[in-house]
Amino acid sequence: MSGPLGDEPGHVVDSEGVRMFRTEWSAERPPSLAVVEAVAAVTGSEPTKLPLLNDAINTDALDTLFVPEADDQLRVSFAYDGLDVTVDGEGSVTVSPVE
């Protein structure tokens, strides 16, 4: 699937001069896991070395809100490990520098 950034999931893209990393969540890979994996990829850290995601957002609520049947217009953004994270109802997770 090609998203609004025009690149395949998982690729680092350059949108308006900002480096971004995009990946996807699914029923088999819930948003909370996709967020941790994306932030680990961006920071070059092991996922287990990152701060607890639950300190930034309620992971149970995030995974409950975003299910395969979620509204495509649904979007949640939050800060995690010094980065902006956006999860959307189309199945994407985007990580970018804090603006």
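All figures in this text were calculated on a predicted structure; none of them were measured in a lab. (Residues numbered from 1 in each chain as written. Predicted model: local features only at pLDDT ≥ 70, side-chain atom pairs only at ≥ 80, totals over all residues. Heavy atoms only, no water.)

1. Concerning the nonpolar core
Counting 21 residues, the largest nonpolar core has Val35, Phe78, Tyr80, Val85, Val87 and Val93 as the members making the most contacts within it. Only α1 (31–43), β3 (75–80), β4 (83–88) and β5 (92–97) provide two or more residues apiece to this core. For this core, the element with the highest residue contribution is α1, accounting for 6 residues. When residues no more than four places from it in sequence are discounted, the contact partners of Phe78 are Val35, Leu53, Ala56, Ile57, Leu83, Asp84, Val85 and Val87. (Core = buried A, V, L, I, M, F, W, Y, C linked by side-chain atoms within 4.5 Å. Buried < 20%, exposed > 50% of the residue type's maximum accessible area, 1.4 Å probe, protein only. Helix = DSSP H or I, 4+ residues; strand = E, 2+ residues; numbered from the N terminus. Contact = heavy atoms within 4.5 Å.)

2. Overview of the environment of Thr94
For Thr94, the location among the structural elements is in strand β5. The class of Thr94 is buried, set by a relative accessible area of 17%. Between the C-alpha atoms of Thr94 and Ala34, which are 60 residues apart in sequence, the distance is 9.8 Å.

3. Describing the packing of aromatic side chains
Scanning the model with the defined rule gives 1 aromatic pair in all. Ring centres of Trp25 and Phe66 lie 5.9 Å apart, and the angle between their planes is 65 degrees; this geometry places the pair in the edge-to-face category. Linking Trp25 in the loop between β2 (18–24) and α1 with Phe66 in the loop between α2 (59–65) and β3, this pair joins segments that are 41 residues apart in sequence. Each member of the pair, Trp25 as well as Phe66, is classed as buried. (Phe/Tyr/Trp six-rings, centres within 6.5 Å; stacked < 30°, edge-to-face > 60°.)

4. Observations concerning the side chain of Ser92
Relative to the helices and strands, Ser92 resides in strand β5. With a relative accessible area of 3%, Ser92 lands in the buried category. Not counting residues within four places of it along the chain, the set of residues in contact with Ser92 comprises Arg22, Thr23, Glu24, Trp25, Thr86 and Val87.

5. Thoughts on the confidence of the model for the protein
Regions with low pLDDT should not have their predicted coordinates read in detail. With 81% of its residues at a pLDDT of at least 70, the protein reaches an overall mean of 85. Ranking the elements of the protein by mean pLDDT puts strand β1 (residues 12–15) last, at 58, and β3 first, at 97. (pLDDT = per-residue confidence, 0-100.)

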